[in-house]
Amino acid sequence: MSLKQAFESGKFVITTEVGPLKGTDTTELAEVAEILRGRVDAANATDQQSSVMRLGSMVTCYLLQQHGLESVIQMTCRDRNRIALQSDLLSAWVMGIKNVLALTGDVPELGDHPQAKSVYDLDSVQLLGVISKLNEGTDMVGNELKGKPDFFAGAVVNPGADTEASFELQIIKMEKKIKAGAKFFQTQAVYEPEKFYKFMKRVEQFHVPVMAGIIPLKSVGMARFMNKNVAGVFVPDSLIQQMAAATDKTQTGLQITADLIKQLKDVCQGVHIMAIGWEKKVPQILDIAGL
Amino acid sequence: MKTITEQKPLAEILELLKDHKKIYITGCGTCATTCHTGGKAEVLAMKKELEAAGKEVTGWMVIPTSCDILTKYAIMDSIEQINKADAILAMSCGLGIQTVAAFSNKPVYPALNTLFIGWEEHPGHFIEICSQCGDCAIGITTGICPVTRCAKGMLSGPCGGAKDGKCEQKPEHDCAWVLIYNRLKELNMLDKLKEIPAPKNYSKAKIPRQVDIVQ
């Protein structure tokens, strides 16, 4: 079943994320794909995540699909101008990749090549518009394509923006993304169900599926790091204390994650699990969550 | 217009001047003076540093506006001292440096890095305001440039990363889109944010540029 069909079927959709490694060894990727196949509806392949240079998202998606796993290509505007973006989209389609997540992308300064020239020829909203045009059979300036893709395009939103201005801006931008062609959303990591319920109340009028972002908690340090450094992500003290008191941190982390999914499940259309090193544990999380 | 500059490290300047013994220094009485990078005080300090490093300074001047055509006459007025030098060290922006070079027959070296066009937000602290992109996008926001002041130059709104109104990517900066939101809210024009701007015409920013302004 394709990701689009999964949403259309009305089931609770599960996606996860595979971060390509730096280098050409794809052994791990194959192992992860085998473990995830049949348990998730699709896996995103990140695009030079955090601006750290590594194997590309297109070939990673291709390999995932070789192992029978539906893939979502993440495409950022950081490293490609509008010519390369469109060309890569066409190439991805030819390689059998049907889903794309349009992102603007982190700045190079955050990664391991901080002196790189950033591109940002388009932003995520404009990229979604370009994907819609390609789907209609023309490039972004109106030249006809010989053979056209039919991408199922998604986008991201941060439901936990910290100030009124930032929150309202997220809603406004989400609406623009929908107008430009976004058919589903994956969110920034959620740890506070109440805040997420409030967000969902605001956006249910858009009638576009939203997948709650889930990052499994691995340690107290990780929680504190995110609270300090990741905008819009706040791990409540109660969860941090639960982790601190745990004798088996892994088991507790998995349990907390599954509990979160259970609390979010009824208000959204799916979850997107960003396991960050725990990809092989995703089935365990789903087991505990009863999915 | 104010061009913001910073002084290169002295070691880099001395490396640039390594083949030359006698140096003439030019400063600039406009932007570089207000940035405290190429005014009289900085020119005299540089003279001292060069002399301490074993150079001979044949003379110096602070050209009123280095980038102006009148620089030609300033150079002519000081030609005797300039002719005694092996090279000129110019303490001005890239435009000023190249203007000095265009009107002199000596090798010219930069003492400053030219950074951006901006404001002095508070004394000694400068922020970039315009990146001279050639296709002004301020109409999208009615007064704040997203191309220059958003770390990703996003025209359609912010990323999800603003923290307390600060940029996630460069936390020392305000999030341009939060500034834009507050401005439009105050103007009662928030609907403006619902428009999706067309991709920008970056061909207008391609170097080198020329333009004919019909008079």
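Calculation rules
In this convention, every chain numbers its residues from 1, walking through the sequence in written order. Each chain is given a letter, starting from A, and each ligand a number, starting from 1, according to the order in which they appear as written. A pLDDT threshold of at least 70 governs which residues receive local features in this predicted model, and a stricter bar of 80 or more applies before side-chain atom pairs are shown or counted, although totals over entire chains, interfaces and linings include all residues. For the side-chain quantities, the full set of heavy atoms in the structure was used; hydrogens and water were omitted. The buried label applies to any residue whose accessible area, calculated with a 1.4 Å probe on protein chains only, is under 20% of its type's maximum; exposed applies above 50%, and partly exposed to all values in between. Under the scheme used here, helices are H or I runs from DSSP no shorter than 4 residues and strands are E runs no shorter than 2 residues, and both carry numbers assigned from the N terminus. Whether two residues touch is decided by their heavy atoms; if any such pair falls within 4.5 Å, the residues are in contact. A pair of sulfur atoms, both from cysteines and within 2.5 Å, is called a disulfide here. By convention, the term buried area covers the 1.4 Å-probe accessible surface removed from two parts as they join, with the contributions of both added. Basic side-chain nitrogens of Lys or Arg form a salt bridge, by our definition, when they fall within 4 Å of a carboxyl oxygen of Asp or Glu. Whenever a nitrogen or oxygen atom comes within 3.5 Å of another N or O atom, the pair is scored as a polar contact, on the condition that within protein one atom can donate a hydrogen and the other can accept it, and that pairs from neighbouring residues in sequence are kept only if both atoms are in side chains. When the centres of two rings from Phe, Tyr and Trp lie within 6.5 Å, Trp using its six-membered ring, the rings pair. Their planes under 30 degrees apart give stacked, over 60 give edge-to-face, and anything left gives tilted. Ring-over charges, as used throughout, are those where CZ of Arg or NZ of Lys falls within 6 Å of the ring centre and within 35 degrees of the ring normal. The nonpolar core is taken to be a set of buried Ala, Val, Leu, Ile, Met, Phe, Trp, Tyr and Cys residues, with the residues joined through side-chain atoms within 4.5 Å. The convention used is that axes are lines fitted to C-alpha atoms, helices contributing only their stretch in contact, and that angles between N-to-C directions extend from 0 to 180 degrees. Here the angle decides the label: under 35 degrees means roughly parallel, over 145 means roughly antiparallel, 65 to 115 means roughly perpendicular, and every other value means oblique. Here the term charged refers only to Asp, Glu, Lys and Arg, the term nonpolar to Ala, Val, Leu, Ile, Met, Phe, Trp, Tyr, Cys and Pro, and the term polar to all other amino acids, Gly among them. DSSP bridges decide pairing: two strands pair if at least two such bridges lie between them. Charged residues are defined here as Lys and Arg on the positive side and Asp and Glu on the negative side; His and the ends of the chain fall outside this count.

## So, helix α8 (residues 176–186) of chain B
So, point 1. Those residues of α8(B) lying buried are A176(B), W177(B), V178(B), I180(B), Y181(B) and L184(B).
So, point 2. Here the buried face of α8(B) lies against α6 (164–180) of chain A together with α7 (146–149) of chain B.
So, point 3. Backbone geometry just after α8(B) places N188(B) at a positive phi near 60 degrees.

## Notes on the state of the cysteines
Residue and element names in this part refer to chain B.
So, point 1. For the structure shown, the criterion picks out 0 disulfides over all chains.
So, point 2. Sulfur of C67: no disulfide; nearest cysteine sulfur belongs to C93 and is 5.8 Å away.
So, point 3. Among the residues examined, C67 registers a relative accessible area of 37% and is labelled partly exposed.
So, point 4. Of all cysteine sulfurs in the structure, the one in C133 sits closest to C136, which takes part in no disulfide; the separation is 6.3 Å.
So, point 5. Residue C136 is classed as exposed on the basis of its relative accessible area, which comes to 63%.

## Description of the interface of chain B and chain A
So, point 1. With 31 residues of chain B at the contact, the number on the chain A side is 34 residues.
So, point 2. For the pair chain B and chain A, the summed buried area comes to about 2,600 Å², and 54% of that belongs to carbon and sulfur atoms.
So, point 3. At the junction of chain B and chain A, the tally comes to 2 salt bridges.
So, point 4. As a salt-bridge pair, K170(B) and E109(A) come within 3.2 Å of each other at their nearest N and O atoms.
So, point 5. Where chain B meets chain A, there are 21 residue pairs in polar contact (both at pLDDT 80 or more).

## Comments concerning the packing of aromatic side chains
So, point 1. Under the definition given, this model contains 6 aromatic pairs over all chains.
So, point 2. Following the ring pairs from residue to residue traces out a cluster consisting of F7(A), F152(A) and F184(A).
So, point 3. Over the ring of F12(A) we find K265(A); its NZ or CZ atom is 5.1 Å from the centre of that ring.
So, point 4. Sitting over the face of the ring of Y202(B), K200(B) holds its NZ or CZ atom 5.5 Å from the ring centroid.

## Here we look at the nonpolar core
Residues and elements named next belong to chain A.
So, point 1. Counting residues in each nonpolar core, the largest one holds 67 residues, and the members touching the most others are F196 and F199.
So, point 2. Ranked by the residues each element gives to this core, the list is headed by helix α5 (residues 124–136), at 6 residues.
So, point 3. Excluding residues within four positions of it along the chain, F196 makes contact with P159, T187, V190, V210, A212, L264, V267 and C268.

## A few points about the packing of α6(A) against α8(B)
So, point 1. Contact geometry for α6(A) and α8(B): axes closest at 10 Å, N-to-C directions at 90 degrees. Compared by their axis directions, α6(A) and α8(B) come out roughly perpendicular. Here E164(A), A165(A), S166(A), E168(A), L169(A) and I172(A) of α6(A) come into contact with α8(B), specifically with W177(B), V178(B), Y181(B), N182(B) and K185(B).
So, point 2. Taken together, the residues of the contact of α6(A) with α8(B) sort by class into 6 nonpolar, 2 polar and 3 charged.

## Examining the sheet that holds strand β1 (residues 3–7) of chain B
Residue and element names in this part refer to chain B.
So, point 1. Spatially, the 3 strands line up as an open sheet ordered β1-β6-β7, and their pairing is antiparallel. Looking along the sheet, the strands with just one partner apiece sit at the ends: β1 and β7 (125–130). Sheet twist, expressed as the mean angle between neighbouring strand axes with direction ignored, is 70 degrees.
So, point 2. Note: strand β6 (residues 112–122) against β7, 5 bridges, orientation antiparallel. By the bridge assignment for β7, I117 is matched with C130.

## Examining the side chain of K106(B)
Residues and elements named next belong to chain B.
So, point 1. Mapped onto the fold, K106 is located in the loop between α6 (94–102) and β5 (108–110).
So, point 2. Buried within the structure, K106 lacks any salt-bridge partner; D86 is the closest side chain of opposite charge, at an N-O distance of 6.0 Å.
So, point 3. A polar contact is formed between the side chain of K106 and the backbone oxygen of A85, at a distance of 2.8 Å.
So, point 4. With residues near it in sequence (within four places) discarded, K106 still touches I82, N83, A85, D86, A87 and I88.

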